[in-house]
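Each chain is listed here by its residues.
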Amino acid sequence: MELKTAGLTYAQVANELGYTSRGTAYNVIARALRDQTAVAVTGLRDLENARLDALQLALWDAAITGNVKAVNSIVQIVPARVRLNGLQPARDGFGGTPATHRTLVVHPEG
């Protein structure tokens, strides 16, 4: 990553690190970017989950005792957590893949 960031081509990176081809250097760098992105996304998701947890915890006692504003806030926190963690049900409602448009072809009677 450091060599590529410094401006070297994939061929130069491969040569510098002893890879057999520039394609190998490309694959190694692409994998590192994917891994780095996955770690960054996981870290951000964990941080946002912790924030939602703290908000929900701060409001919980008030909500349980009937504070309508606290209840409404928690009702907004729950779907935010669901969206953040990708827990939405599929659009078809059965846990499968999202519903797709379908075309019905009707042949004319003849």
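What counts, and where the lines are drawn
Residues numbered from 1 in each chain as written. Predicted model: local features only at pLDDT ≥ 70, side-chain atom pairs only at ≥ 80, totals over all residues. Heavy atoms only, no water. Helix = DSSP H or I, 4+ residues; strand = E, 2+ residues; numbered from the N terminus. Buried < 20%, exposed > 50% of the residue type's maximum accessible area, 1.4 Å probe, protein only. Contact = heavy atoms within 4.5 Å. Areas by Shrake-Rupley, 256 points an atom, 1.4 Å probe, with all protein chains shown as cover. Axes fitted to C-alpha atoms, helices over the stretch in contact; angles between N-to-C directions. Parallel < 35°, antiparallel > 145°, perpendicular 65-115°, else oblique. Nonpolar A, V, L, I, M, F, W, Y, C, P; charged D, E, K, R; others polar. Phe/Tyr/Trp six-rings, centres within 6.5 Å; stacked < 30°, edge-to-face > 60°. Lys NZ or Arg CZ within 6 Å of the ring centre and 35° of its normal.

Novice: Can you help me understand the overall build of the protein in this one?
Specialist: Of the regular secondary structure elements, the protein holds 4 helices and 0 strands. The order of α-helices and β-strands along the protein, N terminus first, is α-α-α-α. The buried share among the 110 residues of the protein stands at 14%. Across the protein, every contact between residues at least 6 apart in sequence was considered, and the portion connecting residues at least 24 apart equals 31%. In the form shown here, the protein has an accessible surface area of approximately 8,900 Å², with 58% of it arising from carbon and sulfur atoms.

Novice: Could you clarify how one ought to interpret the packing of helix H2 (residues 10–17) against helix H3 (residues 22–64) in this entry?
Specialist: Between two packed helices, the angle of one axis relative to the other and the distance separating the axes together describe the packing. Where H2 contacts H3, the two axes come as close as 7 Å, and the packing angle between them is 95°. With respect to their mutual orientation, H2 and H3 come out roughly perpendicular. Taken together, the residues of H3 that come into contact with H2 (itself represented by Tyr10, Ala11, Val13 and Ala14) are Arg22, Ala25, Tyr26 and Ile29. Partitioned by chemical class, the residues of the contact of H2 with H3 number 7 nonpolar, no polar and 1 charged.

Novice: In this structure, what is going on with the packing of aromatic side chains? I would like to understand it.
Specialist: What describes a pair of aromatic rings is the distance from one ring centre to the other and the angle between the planes of the rings. Inspection of the entire model under this criterion finds 1 aromatic pair. Centre to centre, the rings of Tyr10 and Tyr26 are 5.2 Å apart; their planes meet at 75°, and the pair counts as edge-to-face. Placement of the pair is Tyr10 in helix H2 and Tyr26 in helix H3, with a sequence separation of 16 residues. Residue Tyr10 is classed as partly exposed on the basis of its relative accessible area of 25%. Given a relative accessible area of 43%, Tyr26 falls into the partly exposed group. One residue, Lys4, lies across the ring of Tyr10, its end atom 4.2 Å from the ring centre.

Novice: Teacher, can you tell me more about the environment of Val78 here?
Specialist: Counting through the fold element by element, Val78 comes out in helix H4 (residues 68–84). Looking at Val78, the relative accessible area reads 41%, which means it is partly exposed. Considering only alpha carbons, one finds Val78 and Gln56, 22 residues apart in sequence, at a separation of 8.6 Å.

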